[in-house]
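# Architecture and fold: a report
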Amino acid sequence: MSAAAEAPTGAAAAEAAPRGFARLLGYLRHNRGTYLLGALATLCYAASFAAVPVLVGWAIQALEQGLSQAEVVRRCALLAAATGARGALRFSSRTLLFNGARQIEYELRNDLFAHLQRLPQSFFQRWRTGDLMSRCINDLASVRLMLGPGVLSVVQTPILYLFVIGAMVSLNPLLAGLVLLPYPAFLWIARSFGRSMHRGNLDVQEGLAALGSQLQETISGISVVKTYAMEPAASARFDAANERLFAAQLGLIRVNSAMPAITSMLPAAATWIVLYVGGHLIAEGRMSVAEFFTFAMFIYELTFPTFIMGWVFALVQRGRAALQRIDEVLGTAPSIADRPDVVARGPLRGEIEFRRLSFRYDAGREPALRDVSLHVPAGSVLGIVGPIGAGKTTLASLIPRLLEVPDGQLFLDGVDINRIPLRTLRSSIAMVPQDGFLFSMSLAENVAYGLPSLDRERVIEAATRAQLAKDVAELPHGWETLVGERGIMLSGGQRQRTTLARALALRPSILILDDTLASVDAETEAAIRQELRQVFAGRTVLVISHRIASVCEADRIAVLDDGRLVESGSHLELLARGGLYARLASEQALDDELVEALDHLAGDGTART
Amino acid sequence: MSGPARAQDSLHEEEALGKAYDARLMARLWRWVAPYRWQVVATLLLTAPLFLLELAPAWIVKSGLDRVQRDGAAGEPGMGWLDRLFDPPGSIDGLAWLAGLYLLAMAGNATLQFVHTVLMARTGQSAMRDLRRDVYQHIQGLHLGFFDRYPVGRLVTRATNDVENVSEMFSAGIVALVTDVLKMIGFAVVLFLVDARLALVAFLVVPVLAVCAVLFRARIRAAFRLIRVRIARINAMIQESVTGMKIVQLFRREARNQRDFEALNAAHRDAWSQSIRYDAALFAVVEVANGISIAVIVGYGASLVSGGAMTIGTLYVFIDWMRRFFLPLRDLSAKYSVMQSAMASCERIFQILDTAPAIQDRERPVDRARPVSTPEAPPRRAGGDRPGEIVFDRVWFAYQGEDWVLRDFSLRVAPGERAALVGATGAGKTSVIKLLARLYEPTRGCIRLDGVDLREIPQRELRRRIAMVLQDVFLFSGSIAWNIALGRPDVDRRAVVRAARMVEAHRIIERLPQGFDSELRERGGDLSAGQRQLLSFARAIAHGGDLLILDEATSSVDAETELLVQRGLHALLAERTAIVIAHRLSTIQDVDTIHVLHKGRCVESGSHAELLARRGAYWRLYRLQFEHAAPALAAG
């Protein structure tokens, strides 16, 4: 979070985003029609709710007073009609409020997704995918439960109580007063259990997380686990975590089951009072049996909403925590966005200039790049080499502004990169990142990923250049083959060639290749290089590699080491200098030489280029 | 969106998500519940007293009502003996006595309900704890190749979320369903016993309700299936977009992505709106049915009461029990969805459990008397027939299909011999050592240790003999000492310290604030590559295997650590049969034999001197390396 705070903040960050319940209010206001209707339906429902026990009493009264059977049946018919109306009202209040909650969930999820798409890479490096997903799915579900059943119950229960209390008092104020005595205890129950429920939920969540990371650790270190035959020790660790989770779950179960059990004693106590006091009143002739029925019915009808309140209490607790977790994502300002001072302009020509650029990922960490100054003329090819961790990828990621670039240190076509609209910037640049990430789409769709539509011609042209076209025929469904995580497994080389084709299809003015051909075999690499030479014409190209062979043909080569630009120049110049580049070159020449010698020895040297 | 693969994919998805009850899965699940069957029996038996305690309160109220009415009311109803059961002893006020009984019954009910729920959930959780343990054991036993293909995150989900879903079934699904059905039958029976005529009339609404339930069931099932498929798509899209956000942003796909996402999201919302409608309708129908049944009871009951065939108290009993009869029907669809997700999770868990480990011990491994190496005394390098002979006999190996990594590869390492593997990246060196540790198995050919095929040796026994040091040192969360001993009981603190001393890692360790007890931060993220190397050397020494497998790290380290690493390596190589993937000249000079690998074949073998004399590939390599690297090494 600190990096985002550190980085130059855009205009979006300046306006304070509403948090927590305030944020929800915005969505509620948005859907106020639904919610007002829902509230109205709930109000009517509450009225019909209170009417039913009164009507039962009324029917019993007819019986008690010895009225005609027809009158009893008439009153019962009215009762049946009332329950019918009550059912219809309940249906509408539930559908209205629950659909309202779903609508808000929908809007909130859209906004979350849109927000995620605006966040910089540094955010995704800090947050685990699983964590973000659980916020978009599970936490949102908790918020929705709070808004659906939660709001329903919060709105409904007090109204129900008001109606019921009103009806009871008008029937028999003394008994009403006595019957309602136990109910305030609910507040105490909810408070004390709410806290332990919250605690129990947290314990279980932590237990699950600990168990998950234990398993994750075993899998990540599976070669060590196996070769050191440490399965028993690893199992013991897992078992310990498993037992802790089990204990936490039992604890939660106890709290969760105790609360309804204790809550059920409230109506029990109320009925007890009705039975004892009401019984005496009836015996003394001061109360009718019909009233007794009405009171008993009222108590019964209140049982369910009271129960639910306990559950709703937990829902709101959970919903609030979930909202906070969602806020953590939504509250992260997109540190890479167009600023008010952007300069509208056409496509970039491709001139790149770093002016004493320094960059660090996190305030507390060592800078990944220090004081780099470098000028790349439009249309030229720059090679970037250096050991692993030298800052090559960081340097390249700054150009499409995947990372936050400090003001006044990186210029494209002479304009500060932070003043170029992101759209213009990124539509002029194509980058092939190291990890050959493909989406779960057809191969053709993947190659056309950056194009406005699936343009077959361009797809095939790009794929041919990337030496991908020849593989297509061998795939089960040709161009339509589903690739990516849910599709078939392409080989490392095929993936890299697909990502290369994806970039080439864009025909960008700046092309960045980040160690793109590492998994491609030598023969294909040579063919691709041949093609690239044509592609490179007229474009600014950055080729990042730890292999000298991949960069030696570049117009200029920048050598990075530990975040610093240590040397730059052409291949021959750098060799002559005898610095880091020359050393890397000789080490790699050694490797190449070895392969050549071995090829010769193995007798198939002629087959290779 | 129209690829044939995609269509097949979603079809499968729906099939897996549709079922709410699968007898085959349930039968399999019983294996984990069986140890707790007595708890299950106890839970079911508890239903009986629980049921009685649910019946009692209404009857007590009835007794009270009848009592206060008795003076005026005509005749005693047929079930007077039951009322007499609640008669107060002696001269206690009848109403006070009944009210006390009522409170007692309710308290008993609440207590029993609590015990019942806890017992039920405890049974489920115990079974799930065992299931989790078995899933873990199974995953741990799978061969390495499995993990190349199966993402870690998904495995973690199986052991956590999926097991949680199944456990929900115990607390809110099947068991609750069975108890509910038993109770409903119970209420129906007692209602008929109390008054068959009134019961018959009151239950008139039930057939209507049953028809509604059947009608709704199919729709609710379809709706839930749709929901599950759609939430799965949302899940997949978020996951993919977050993982590939760099590409999304680089290729400016945000707007299109947002459109696609909103479409999925809207489809999900609409699927829910269907389900909400059915759910609310079911809820309302149950409530209306209940209300109508009350109206019918009062209407018809009134004629019975005025005819003297029934007391007004019985009316109360009917109303109360009828309501309890309807109660379980209200959250039927919630239970349905719990069952559905439990079944889907079950299926996924069993898929993992059904993945047979590709590498397994033979039923009855060849029993060979073998001097067991202990951490204290690794076998001496002395006689001719000491163990440790390694033979690769015409081994072919591919990780996938026919992409051969090793082709007809043969190699012999004599006991006590130290062999180096040399070759370019991708020559197959790493595969050789992975095969030797039997993390993978050869596709063709065989590997023998002391004349015995590796497949005949129990994995545990084989690996206890191997000390392996990999390039990328994996450290576990825990202390330094734990990371050296790796939880093995026979490697005590003394052995750990001695091992660390032998490779001179103790200097670095003792510099840490808590020495050997220092907890590693983020799995050793605060240690340098060299320090991690030394720790792994100590680990290898402490475990005392007589076969050393070492993949030397290439990463450059600072001068001081470099010296320590070289000395540690020397200590490690002493007195062991070793196969080393060498990257340093100094290491190569430390070994007896050098094997040059190229494209999965061994192209040259011999001692340093022999190979130099042969003037082949090694000779060229050596000359080049010496010329180029000598200054660099000298500087180090």
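A short tour of the structure in this document, coming up. (Residues numbered from 1 in each chain as written. Chains lettered and ligands numbered in written order. Predicted model: local features only at pLDDT ≥ 70, side-chain atom pairs only at ≥ 80, totals over all residues. Heavy atoms only, no water.)

It is worth spelling out the overall build of chain A at this point. Looking only at helices and strands, chain A has 23 helices and 10 strands in total. Within chain A, the fraction of its 609 residues that count as buried is 57%. For chain A, the proportion of contacts with a sequence separation of at least 24, taken over those separated by at least 6, is 76%. Summing over all exposed atoms, chain A offers an accessible surface of approximately 24400 Å²; the carbon and sulfur share of this is 57%. (Helix = DSSP H or I, 4+ residues; strand = E, 2+ residues; numbered from the N terminus. Buried < 20%, exposed > 50% of the residue type's maximum accessible area, 1.4 Å probe, protein only. Contact = heavy atoms within 4.5 Å. Areas by Shrake-Rupley, 256 points an atom, 1.4 Å probe, with all protein chains shown as cover.)

Residue and element names in this part refer to chain B. Following the sequence through the fold, Asp 551 ends up in strand S7 (residues 547-551). An unpaired buried charge is present at Asp 551: no salt bridge exists, and Lys 429, the closest side chain of opposite charge, is 6.9 Å distant. Apart from the residues within four sequence positions on either side, Asp 551 is in contact with Thr 430, Ile 433, Val 469, Leu 470, Gln 471, Ile 581 and His 583. (Lys, Arg positive; Asp, Glu negative; His and termini not counted. Salt bridge = Lys/Arg side-chain N within 4 Å of Asp/Glu carboxyl O.)

Our next topic: the packing of aromatic side chains. Where two aromatic rings form a pair, the distance of their centres and the angle of their planes describe that pair. For the structure on display, the rule yields 27 aromatic pairs over all chains. Relative to Phe 261 of chain B, the ring of Phe 113 of chain A lies with its centre 4.0 Å away and its plane at 5 degrees, an arrangement referred to as stacked. Of this pair, Phe 113 of chain A sits in helix H5 (residues 69-118) while Phe 261 of chain B sits in helix H12 (residues 254-306), on two different chains. Their ring planes at 70 degrees and their centres at 5.8 Å tell us that Tyr 161 of chain A and Tyr 183 of chain A sit as a pair that is edge-to-face. One end of the pair, Tyr 161 of chain A, is in helix H7 (residues 129-171); the other, Tyr 183 of chain A, is in the loop between helix H8 (173-180) and helix H9 (185-220), and 22 residues separate them in sequence. Side by side, Tyr 161 of chain A and Tyr 183 of chain A carry an identical accessibility label, which is buried. Among the aromatic residues, those joined into a cluster by ring pairs are Phe 437, Phe 439 and Tyr 449 of chain A together with Phe 251 of chain B. Here the basic side chain of Arg 31 of chain B rests over the ring of Trp 32 of chain B, its NZ or CZ set 4.4 Å away from the ring centre. (Phe/Tyr/Trp six-rings, centres within 6.5 Å; stacked < 30°, edge-to-face > 60°. Lys NZ or Arg CZ within 6 Å of the ring centre and 35° of its normal.)

Moving on: the interface of chain A and chain B. Between chain A and chain B, the contact holds 139 residues from the first and 145 residues from the second. Note on chain A versus chain B: buried area summed over both sides is about 13500 Å², and carbon and sulfur give 68% of it. In this assembly, chain A and chain B are joined by five salt bridges. Among the salt bridges present, the one from Arg 426 of chain A reaches Glu 254 of chain B, with a minimum N-O distance of 4.0 Å. Counting across the interface, chain A meets chain B through 33 residue pairs in polar contact (both at pLDDT 80 or more). Take the side of chain A that touches chain B: its biggest share by element is 26 residues, from H5 of chain A. Split by residue class, the side of chain A that touches chain B holds 79 nonpolar, 33 polar and 27 charged. (Buried area = accessible area lost by both parts, 1.4 Å probe. Polar contact = N/O pair within 3.5 Å; in protein donor to acceptor, adjacent residues only side chain to side chain. Nonpolar A, V, L, I, M, F, W, Y, C, P; charged D, E, K, R; others polar.)

Reading across the sheet, the four strands line up as S2-S1-S4-S5 (chain A) and stay open at both edges, with antiparallel pairing between neighbours. The open sheet has two edge strands with one neighbour each: strand S2 (369-376) and strand S5 (415-416) of chain A. (Pairing = 2+ DSSP bridges.)

Residues three or four positions apart in an α-helix share a direction because the helix packs 3.6 residues into each turn. When the terminal C-alpha atoms of helix H12 (residues 265-283) of chain A are compared, their 26 Å separation across 19 residues agrees well with the 27 Å that a helix rising 1.5 Å per residue should span. Just past H12 of chain A, the residue Gly 285 of chain A takes up positive phi, approximately 75 degrees. (Expected span 1.5 Å × (residues − 1).)

To continue, consider empty space enclosed by the protein. Empty space among the atoms can be located by rolling a probe the size of a water molecule over them. Per the counting criterion, the structure on display carries 12 cavities of 30 Å³ or more. Put simply, the second largest cavity is a space of about 60 Å³. What lines the second largest cavity is simply Ser 223, Val 224, Thr 227 and Tyr 228 of chain A together with Met 468, Val 469, Leu 470, Asp 472, Val 473, Phe 474, Ser 536 and Arg 539 of chain B. Only helix H10 (222-227) of chain A together with strand S6 (466-469) and helix H20 (529-543) of chain B provide two or more residues apiece to the lining of the second largest cavity. At three residues, H10 of chain A tops the list of elements feeding residues into the lining of the second largest cavity. The residue makeup of the lining of the second largest cavity, split by class, is seven nonpolar, three polar and two charged. (1 Å grid on protein atoms, 1.4 Å probe; cavity = no way out; pocket = protein on both sides within 12 Å on 5 of 7 lines; lining within 4 Å. Points joined across faces, edges and corners; volume = space filled by probe spheres on them.)

All names here are of chain A. One non-glycine residue with positive phi stands out, namely Arg 507, at about 50 degrees. Relative to the helices and strands, Arg 507 resides in the loop between helix H19 (492-504) and strand S7 (510-514). In this structure, Asp 562 takes a positive phi of about 55 degrees despite not being glycine. Looking at where Asp 562 falls in the secondary structure, it is placed in the loop between strand S9 (556-561) and strand S10 (564-569).

Right, let's get into the packing of H12 of chain A against helix H5 (residues 94-141) of chain B. In the contact formed by H12 of chain A and H5 of chain B, the axes pass within 9 Å of each other and the chain directions differ by 170 degrees. By the angle between their axes, H12 of chain A is roughly antiparallel relative to H5 of chain B. Along its contact with H12 of chain A, which presents Met 265, Ala 268, Ala 269, Thr 271, Trp 272, Leu 275, Tyr 276, Gly 279 and His 280 of chain A, the element H5 of chain B presents Leu 95, Ala 96, Leu 98, Ala 99, Gly 100, Tyr 102, Leu 103, Met 106, Ala 107 and Ala 110 of chain B. (Axes fitted to C-alpha atoms, helices over the stretch in contact; angles between N-to-C directions. Parallel < 35°, antiparallel > 145°, perpendicular 65-115°, else oblique.)

Shape is all these values report; function is a separate question.
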